[in-house]
Amino acid sequence: MGTQERDNQSPARDVRIEQEKSLEDWLPINASRNAKWWYSAFHNVTAMVGAGVLGLPYAMSELGWGPGIAVMILSWVITLYTLWQMVEMHEMVPGKRFDRYHELGQHVFGEKLGLWIVVPQQLAVEVSLNIIYMVTGGQSLQKFHDVICNGKCKHIKLSYFIMIFASVHFVLSQLPNFNSISGVSLAAAIMSLGYSTIAWGASVKKGKEANVDYDLRATTTTGKVFGFLGGLGNVAFAYSGHNVVLEIQATIPSTPEKPSKKPMWKGALVAYIIVAMCYFPVTFVGYWAFGNSVDDDILVTLSKPKWLIALANMMVVVHVIGSYQVYAMPVFDMIETLLVKKLRFPPSLMLRLIARTVYVAFTMFVGITIPFFGGLLSFSGGLAYAPTSYFLPCIMWLAVYKPKRFSLSWFTNWICIVIGVLLLVLGPIGGLRQIILKASTYKFYQ
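Residues numbered from 1 in each chain as written. Predicted model: local features only at pLDDT ≥ 70, side-chain atom pairs only at ≥ 80, totals over all residues. Heavy atoms only, no water.

The name given to the protein chain in an unreviewed UniProt entry is Amino acid transporter transmembrane domain-containing protein, and the organism recorded there is Urochloa decumbens. Entered under Subcellular location (unreviewed entry) in the UniProt record, the comment concerning the protein chain runs "Cell membrane". The heading Sequence similarities (unreviewed entry) in the UniProt record of the protein chain holds the text "Belongs to the amino acid/polyamine transporter 2 family. Amino acid/auxin permease (AAAP) (TC 2.A.18.2) subfamily." (UniProt positions renumbered as here; feature names shortened; annotations may be inferred.)

Here's what the structure looks like:
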């Protein structure tokens, strides 16, 4: 009797396992695992180099030469180290892959606690980035329009340009998975190198402004303190690629003989070299040329040669189109997992169409409502990006590998944690103040 029951249960269990596997394969993150190491390179460049690089000269004007250089270099080193940690932890359990950031969190902190620790922070990063990219794309389209028209065209509100930018994403958001957006991501990575080179190259050509001032841009002690904190948030924002690194690695095939961490790390290292080639020249040359008069978007400060600035702004548009999609894909994965696993909706193209369209519309609406570019960078940079990029990987590393107390690994991780927590606490303060100051003179849907 017992044998017969087990025989009857076995086919049902096999069907259930097959259904679960089919569902996993339908979700965006697991759908394709044939990526090469260079996919990791350009996905990481697209994820890392974005709106943040354009605000780094402004961050320097709030930090000053000495602290600014130190913060920039230290952030690059720390986040490269924590990126390596995440790549290593992707397959630290033999035969299992942590394809999503929250899955790694659940392994380290427990099923429920891991979700509550990781998911809110990861969503805060990805959704805020998508909103900021809506603003960036709209501003860059508006700048392109204004430069080309040279004052001869009718003024068009920023809100309309954000809508134009969003219209592209209503279409691209229907691409099913990470590998399907590879072409968009590659174009975005190339564009990031292009507009970064134009930004610092045009600054060199323009040369140092007459009477350039390298004092902190604020004039009061209170303003300098809040400005410094905002600058820290801006820098933290620039290093946000960790939020999609496990999802990118999930697209790379893996076997015991050839684990995914080898091609993934190779691509990530190449990406970080490209990040340095973009970030450091733009930051230091931009600040050298304009001092504390630089705008919160370096391309806004530059106005000549007109054709080159127009080209750079269109490159930014193409890049943030790709960046939006890279950061939206894990959000789509979470939404679709919730809908089909928890709410029991059948997986279908219609479900995907409605869910993703609603998400794009939401980010567009918020971007139109509060387009405070600089303030959004520093506020969200400290609040959401510092944990996921600077210290959460270190906490996981200490919990899993338990390095010997006072060893090099122990010290390194604790230093990263302390710096990350300081960014978490201090960064949002300056950004929030900047948003409040701008909000006092702001008209909605301008």
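After that view, the rundown keeps rolling.
1. Overview of the confidence of the model for the protein chain
The pLDDT averaged across the protein chain works out to 84; a share of 87% of its residues lies at or above 70. No element of the protein chain has a lower mean pLDDT than helix α1 (residues 2-26), which averages 61, and none a higher one than helix α7 (residues 158-172), which averages 94. (pLDDT = per-residue confidence, 0-100. Helix = DSSP H or I, 4+ residues; strand = E, 2+ residues; numbered from the N terminus.)

2. Considerations on the state of the cysteines
If you walk through the whole model with that rule in mind, you get one disulfide. Paired by a disulfide, C149 and C153 hold their sulfur atoms 2.0 Å apart. As the torsion about the S-S bond is roughly -85 degrees, the C149-C153 disulfide counts as left-handed. C153 gets classed as partly exposed once you look at its relative accessible area, which sits at 39%. Cysteine C394 remains unbridged, with the sulfur of C416 as its closest cysteine sulfur at 4.2 Å. By relative accessible area, which is 0% here, C394 ends up buried. (Disulfide = S-S within 2.5 Å. Buried < 20%, exposed > 50% of the residue type's maximum accessible area, 1.4 Å probe, protein only.)

3. Some points on the packing of aromatic side chains
What the rule picks out here adds up to 16 aromatic pairs. Geometrically, the ring pair formed by W397 and Y401 is tilted, given 4.3 Å between the ring centres and 40 degrees between the ring planes. Here W397 pairs with Y401, and both are found in helix α15 (residues 373-401), just four residues apart, close to one helical turn. A relative accessible area of 10% means that W397 is categorised as buried. Ring pairs connect the aromatic residues Y81, W84, W397 and Y401, which therefore count as one cluster. (Phe/Tyr/Trp six-rings, centres within 6.5 Å; stacked < 30°, edge-to-face > 60°.)

4. A look at a nonpolar patch on the surface
A surface patch of nonpolar side chains, amounting to about 410 Å² of accessible area, comprises W65, I69, I73, V77 and W288. By residue number, the principal contributor to the nonpolar patch is helix α4 (residues 65-89), which donates four residues. (Patch = residues over 30% accessible without salt bridge, like charges linked within 9 Å, V, L, I, M, F, W, Y side chains within 5 Å. Areas by Shrake-Rupley, 256 points an atom, 1.4 Å probe, with all protein chains shown as cover. Salt bridge = Lys/Arg side-chain N within 4 Å of Asp/Glu carboxyl O.)

5. Things to note about the nonpolar core
The biggest cluster of nonpolar side chains holds 116 residues, and the ones touching the most others in it are V235, Y239 and Y279. Residues within four places of Y279 in sequence aside, it is in contact with M48, V49, V53, L56, M72, A238 and Y239. Grouped together as the second largest cluster of nonpolar side chains are seven residues, L23, L27, L339 and L351 included. (Core = buried A, V, L, I, M, F, W, Y, C linked by side-chain atoms within 4.5 Å. Contact = heavy atoms within 4.5 Å.)

6. Some details on helix α11 (residues 261-290)
Because each turn of an α-helix spans 3.6 residues, side chains separated by three or four positions end up pointing in the same direction. Taking 1.5 Å of rise per residue, 30 residues should cover 44 Å, and α11 covers 42 Å from first to last C-alpha, within 8% of that figure. Residue G291 follows α11 closely and has a positive phi angle near 60 degrees. (Expected span 1.5 Å × (residues − 1).)

7. A few points about empty space enclosed by the protein
For the structure shown, the criterion picks out one cavity of 30 Å³ or more. There is about 30 Å³ of room inside the largest cavity. Lining the largest cavity are I29, R100, H102, E247, P330, D333 and M334. Here the lining of the largest cavity gets three residues from one element, more than from any other, and that element is helix α13 (residues 306-342). Among the residues making up the lining of the largest cavity, the classes are represented as three nonpolar, one polar and three charged. (1 Å grid on protein atoms, 1.4 Å probe; cavity = no way out; pocket = protein on both sides within 12 Å on 5 of 7 lines; lining within 4 Å. Points joined across faces, edges and corners; volume = space filled by probe spheres on them. Nonpolar A, V, L, I, M, F, W, Y, C, P; charged D, E, K, R; others polar.)

8. Description of the side chain of Q249
Assignment of secondary structure puts Q249 in helix α10 (residues 245-249). Sequence-distant contacts of Q249, that is, excluding residues within four places in its chain, are made with M86, V87, H90, E91, R97, S260, K261 and M264.

9. Digging into helix α5 (residues 101-109)
Of the positions making up α5, those classed as buried are Y101, H102, L104, G105, Q106 and V108. Among the residues trailing α5, G110 stands out with phi positive, at a value near 110 degrees.

10. Some points on the environment of T136
Tracing the chain through its elements places T136 in helix α6 (residues 111-149). For T136, a relative accessible area of 0% puts it in the buried group.

11. A short note on the pattern of salt bridges
Summed over all chains, the structure comprises seven salt bridges. In this structure, E88 engages K261 in a salt bridge whose closest nitrogen and oxygen atoms are separated by 3.4 Å. Placement of E88 in helix α4 and of K261 in helix α11 is noted, with a sequence separation of 173 residues between them. For E336, the salt bridge is made with R352, and the minimal N-O distance between the two is 3.2 Å. Separated by 16 residues along the polypeptide, E336 in helix α13 and R352 in helix α14 (residues 349-369) bring together distant segments of the chain. For the residue pair E336 and R352, the accessibility class agrees, reading buried in each case.

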